[in-house]
There are 2 protein chains.
Amino acid sequence: MIRVVLDVMGGDYAPEKVIKGALLSLRCFKNLELILVGKREVLEKVEGEERITCVYAEEVIEMDEPPGEALKKKKNSSILKGIGLLKEGKGDAFVSAGNSGAIAGAALLVLGRIKNLRRPAIAIVLPSLKDPFVFLDVGAVSDCKPQDLYQFGVMGSIFFEKIWKVKNPRIALLSIGEEIGKGNQLVKKAYEYFKNSNLNYIGNVEGRELYAGKADVIVTDGFTGNVCLKLSEGLAETIISLLKREVKHSPVSILGMLLATPALRRFKKKSDWREYGGAPLLGVKGNVIIAHGRSDEIAIKNAIKQAMKFVSADLVKKLEEGLEERAISL
Amino acid sequence: MIRVVLDVMGGDYAPEKVIKGALLSLRCFKNLELILVGKREVLEKVEGEERITCVYAEEVIEMDEPPGEALKKKKNSSILKGIGLLKEGKGDAFVSAGNSGAIAGAALLVLGRIKNLRRPAIAIVLPSLKDPFVFLDVGAVSDCKPQDLYQFGVMGSIFFEKIWKVKNPRIALLSIGEEIGKGNQLVKKAYEYFKNSNLNYIGNVEGRELYAGKADVIVTDGFTGNVCLKLSEGLAETIISLLKREVKHSPVSILGMLLATPALRRFKKKSDWREYGGAPLLGVKGNVIIAHGRSDEIAIKNAIKQAMKFVSADLVKKLEEGLEERAISL
């Protein structure tokens, strides 16, 4: 049995869709036990169901609350209580679609960093024109040092290896030109670490090629990564809505788009972040998965599925070993 | 008459499409005189045409050449010669679709910065869900100081005002959260400058909202800006190609997309960077416009049109006055 702690209060569609996702997961995964954390009034509906344990937490950290203050004030929040259960050994992984800054902060505070690591990173799996790839950091560390980027590369590489069973994944740095020597000071200095490592470092990838499938792991700082991730989501929505707006001008076009609907639906599924589960916080002493803030039941189920994979792969230990093996002077 | 110096050797489709763009521009704009700079063998075809002057430059800086070295070695390049003509007062503006780093470097070297400015920036006009907006810097300064972002804001604001005749355009910083205090150190410090200025500063815009039309001018550092710009281009292409791939699986979908073609075409035109001309290098003592590397004749014509607007608006002088008026201790 794998025991996943789920924050039912986190996310734009919590608690309804999160609870739905929990029940869906239990139907899908027979070796799953869920520990649901949230308000009593919410949990009462599912209390007593098979393979569900309920833990009450009467406070909720809101999506837009400044993480630092929230963690100080709301000791009884579902996020802090949930991660506390991991620390006490009562759960194997923690999943939340809540305030990502608060989740990362709480994890760091309660669980701590793994050995030899400077800063944890949020990694996300994204679709490309070829195969899915890992992109990190997408928001944990806004101001990175070159050593951070190197360690993100090590962790991203191990993450990719363990989840897709691919040896020596191709790692690239996100930059403003493919040529070595292009980039800001951060990228230029990080390059030195990668070059001198035994990682499968293939060079720089430009913004244009982020989704081209050129690398298995693409490394950047948390500021650039977060901007890129959100820009991608926003732009995809903008393109679709502009398309729809144009189509509305003509009945023939409307008919056309209707006929193309099944293809559009397949496309949507392939490029749907919900299919790829949540984003693991790599580098804390525990399996912590940040699900998308707009998670519905499918997204929650996939985040739980991913959490189970991490537990089975013993990801935290593998990251610790990998960082030790590829240690650099920090 | 407005005298535009055009580098016919710059760009992926040079010289053919650039020459075509030159001839198209002369047909469209009656008050335009062109000074074409490039190899003799290329220019011979158009020599003697009305309102065209030819200046030979036998060297070409390639698109992927490291700018620093190229500028040292190729003194007879079309870029250096063309910008030299501006310096000598023989032209009012310079347009090139060539190596953007080399254009920026040459402009800085030959023309110099305007008074009170730390670093020039490349500004680009982009479409949004509402009206077009100015995004800068997209590649001139990879490592910015907070003061740079502030000055980019001042220049972007003046640029927007002069070109669209809109007073007090809304300025925002690109960041990783709308709340003040979110961002990396650079953005947080730049915020102080904006807050204390008399610019119409409206706060932060997230990556998700870059194209939402929330601000008229969006300011970022040259690394993030360049990554965002290229990511946007790449992603739009990826989405279209994934869509096409899905559609190919079914004849009904193909029919559907064919029927929707006029709408798709209208959409494409609206979101086409070629419609928005080139990207001015704001802050050098001269009107320098960097056209897209993949410019065809339409893009070249629009870049020339934009160059003419800058000359008419006396943009360089306006920028100088604006920076003086809004000077900060650097």
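Sequence order as written defines the numbering, with residues in each chain counted from 1. Both sets of labels track the order of writing: A upward for chains, 1 upward for ligands. Predicted model: local features are reported for residues with pLDDT of at least 70 only, side-chain atom pairs are reported and counted for 80 or more only, and whole-chain, interface and lining totals are derived from all residues. To obtain the side-chain values, all non-hydrogen atoms of the structure were used and water was disregarded.

Residues and elements named next belong to chain A. Read across the sheet, 11 strands follow the order S3-S2-S1-S4-S11-S10-S5-S6-S9-S7-S8 without closing on themselves; strand pairing throughout is mixed. Each edge of the open sheet is held by one strand with a lone partner, namely strand S3 (52-56) and strand S8 (201-206). For this sheet, the mean angle separating the axes of adjacent strands, direction not counted, is 25°. Two strands qualify as a pair provided DSSP detects at least 2 bridges between them. In this text, helices come from DSSP runs of H or I with a minimum length of four residues, and strands from runs of E with a minimum of two, each type numbered from the N-terminal end. Bridge count for strand S7 (residues 171-175) against strand S9 (residues 217-219) is three bridges, and the pairing is parallel. Bridge pairing in S9 places Ala172 opposite Ile218. For this analysis, residues touch if any pair of their heavy atoms sits within 4.5 Å. Convention adopted: a line fitted to C-alpha atoms gives each axis, helices being fitted over their contacting stretch, and angles between N-to-C directions are expressed from 0 to 180 degrees. Helix-sheet contacts for helix H7 (residues 185-195) involve S7, S8 and S9, and the interaxial angle to S7 is about 170°. With respect to the sheet, helix H11 (residues 297-313) is in contact with strand S1 (2-7), strand S2 (32-38), strand S4 (93-96), strand S5 (121-126), strand S10 (279-282) and strand S11 (287-290), its orientation differing from that of S1 by roughly 140°.

Quick look at the sheet that holds strand S1 (residues 2-7) of chain B now. Residues and elements named next belong to chain B. Spatial strand order, S3-S2-S1-S4-S11-S10-S5-S6-S9-S7-S8: 11 strands in an open sheet with mixed pairing. Edge positions in the open sheet fall to strand S3 (52-56) and strand S8 (201-206), since each of these has one partner strand only. Put simply, the sheet's adjacent strands are angled 25° from each other on average, direction ignored. Note that strand S2 (residues 32-38) and S3 share five bridges and pair parallel. Paired with Leu36 across the bridge in S3 is Cys54. Relative to the sheet, helix H5 (residues 100-110) contacts strand S4 (93-96), strand S10 (279-282) and strand S11 (287-290), its axis offset from that of S11 by approximately 170°.

Leave glycine aside and you will find that most residues have negative phi; peptide bonds, for their part, are mostly trans. A cis amide bond, omega -5°, links A:Ala14 with the succeeding residue A:Pro15. Relative to the elements of secondary structure, A:Pro15 occurs in the loop between S1 and helix H1 (16-28). A positive phi is found at A:Asp314, a non-glycine position, where the angle reads about 55°. Tracing the backbone through its elements, the reader meets A:Asp314 in the loop between H11 and helix H12 (315-325). One non-glycine residue, B:Lys165, lies in positive phi territory at about 55°. Along the chain, B:Lys165 turns up in the loop between helix H6 (146-164) and strand S7 (171-175).

What follows deals with the environment of B:Phe159. Residue and element names in this part refer to chain B. In this fold, Phe159 is placed in helix H6. Relative accessibility under 20% of the residue-type maximum defines a buried residue, over 50% an exposed one, and the middle range a partly exposed one, all with a 1.4 Å probe and only protein chains included. What makes Phe159 buried here is its relative accessible area of 0%. Considering only alpha carbons, one finds Phe159 and Cys28, 131 residues apart in sequence, at a separation of 24 Å.

All names here are of chain A. Positionally, Val134 belongs in strand S6 (residues 133-136). Overall, Val134 belongs to the buried group, its relative accessible area being 0%. Along the sequence, Val134 and Ser157 sit 23 residues apart, while their C-alpha atoms lie 8.6 Å from each other. With residues up to four places along the chain from it excluded, the contact list for Val134 reads Ala123, Ile124, Val125, Phe159, Phe160, Trp164, Asp216, Val217 and Ile218.

Here we come to the pattern of salt bridges. For this analysis, a salt bridge means a side-chain nitrogen from Lys or Arg found within 4 Å of a carboxyl oxygen belonging to Asp or Glu. Enumeration according to the criterion identifies 24 salt bridges over all chains in this entry. A salt bridge links A:Arg3 to A:Asp92, with the nearest nitrogen and oxygen atoms 2.9 Å apart. Separated by 89 residues along the polypeptide, A:Arg3 in strand S1 and A:Asp92 in the loop between helix H4 (78-87) and S4 bring together distant segments of the chain. Look at A:Asp92 and you get partly exposed, because its relative accessible area is 22%. Between B:Glu233 and A:Arg208 there is a salt bridge whose closest N-O contact spans 2.2 Å. Of the two residues, B:Glu233 sits in helix H8 (residues 222-247) while A:Arg208 sits in the loop between S8 and S9, which places them in two different chains. Assessed through its relative accessible area of 16%, B:Glu233 is described here as buried. A:Arg208 sits in the partly exposed class, given a relative accessible area of 24%.

Turning our eyes to something else, we now look at the pairing of S1(A). All names here are of chain A. Of all six residues in S1, five are buried; the element is thus mostly enclosed. When S1 meets S2, the two strands line up parallel, connected through six bridges. In the sheet register, Leu6 faces S2, and the bridge partner there is Leu36. For the segment spanning S1, H1 and S2, crossover handedness is right-handed. As paired elements, S1 and S4 share three bridges and run parallel to each other. Directly across from Val5, in S4, lies its bridge partner Phe94. Handedness rule for crossovers: strands pointing away from the viewer, path from the first strand over the helix to the second running clockwise, crossover right-handed.

The next thing to look at is the nonpolar core. Of all hydrophobic cores here, the largest spans 221 residues; its most connected members are A:Val4, A:Phe135, A:Phe194, B:Val4, B:Phe135 and B:Phe194. Residues in contact with B:Phe135, not counting those within four places in the same chain, are B:Ile122, B:Ala123, B:Ile124, B:Leu126, B:Leu174, B:Leu210, B:Ile218, B:Thr220, B:Gly225 and B:Cys228. The criterion is simple. A nonpolar core is a set of buried Ala, Val, Leu, Ile, Met, Phe, Trp, Tyr and Cys residues joined through side-chain atoms within 4.5 Å.

We now examine the state of the cysteines. Any cysteine sulfur atom paired with another within 2.5 Å is treated as part of a disulfide. Going through the model one piece at a time under the given rule, you end up with zero disulfides over all chains. No disulfide involves A:Cys228; its nearest neighbouring cysteine sulfur is the one of B:Cys228, lying 5.5 Å away. Not part of a disulfide, B:Cys144 finds its nearest cysteine sulfur in B:Cys228, a span of 13 Å.

This part covers the packing of helix H1 (residues 16-28) of chain B against helix H11 (residues 297-313) of chain B. Residues and elements named next belong to chain B. Interhelical geometry of H1 versus H11 gives an angle of 50° and a closest axis separation of 8 Å. Classified by the angle their axes make, H1 and H11 are oblique. Seen from above, H1 lies across H11 with right-handed handedness. Residue-level inspection shows Lys17, Val18, Lys20, Gly21, Ala22, Leu24, Ser25 and Cys28 of H1 in contact with H11, the latter providing Glu297, Ile298, Ile300, Lys301 and Ile304. For classification purposes, angles smaller than 35 degrees are called roughly parallel, those larger than 145 roughly antiparallel, those between 65 and 115 roughly perpendicular, and all remaining angles oblique. By convention, the crossing between two helices is left-handed when the near helix turns anticlockwise from the far helix through less than a right angle, and right-handed when the turn is clockwise.

Values of pLDDT, ranging from 0 to 100, describe the predictor's confidence in every residue of the model. Mean pLDDT over chain A stands at 90; residues scoring 70 or higher make up 89%. Interface confidence in the predicted complex, given as ipTM, is 0.88; pTM for the same model is 0.90.

We now examine the pairing of S10(A). Residue and element names in this part refer to chain A. Across the two faces of S10 the burial is the same, with Ala279 and Leu281 and Pro280 and Leu282 all buried. Looking at chain direction, S5 and S10 are connected through two bridges and run antiparallel. Residue Ile122 lies in a different strand from S10, and its bridge partner there is Leu281. In the sheet, S10 pairs with S11 via two bridges, with the strands oriented antiparallel. Of the residues in S11, the one forming a bridge with Pro280 is Ile289. Here S10 folds back onto S11 in antiparallel fashion, the turn holding four residues, of which Gly283 has a positive phi close to 115°.

Turning our eyes to something else, we now look at the environment of B:Ile114. All names here are of chain B. Mapped onto the secondary structure, Ile114 falls in the loop between H5 and strand S5 (121-126). Separated by 206 residues in sequence, Ile114 and Glu320 have C-alpha atoms that sit 6.1 Å apart. Not counting chain neighbours up to four residues away, the residues in contact with Ile114 comprise Gly283, Val284, Lys285, Val316, Leu319, Glu320 and Leu323.

Residues and elements named next belong to chain A. Between H4 and helix H5 (residues 100-110), the shortest axis-to-axis distance is 10 Å and the interhelical angle comes to 35°. Crossing of H4 over H5 shows right-handed handedness. Packed against H4, whose contacting residues are Ile79, Leu80, Ile83, Gly84 and Lys87, the element H5 presents Ala102, Ile103, Ala106, Ala107 and Val110 at the interface. Classifying every residue of the contact of H4 with H5 by side-chain character gives eight nonpolar, one polar and one charged. Nonpolar residues are Ala, Val, Leu, Ile, Met, Phe, Trp, Tyr, Cys and Pro. Charged residues are Asp, Glu, Lys and Arg, and all others, Gly as well, are polar.

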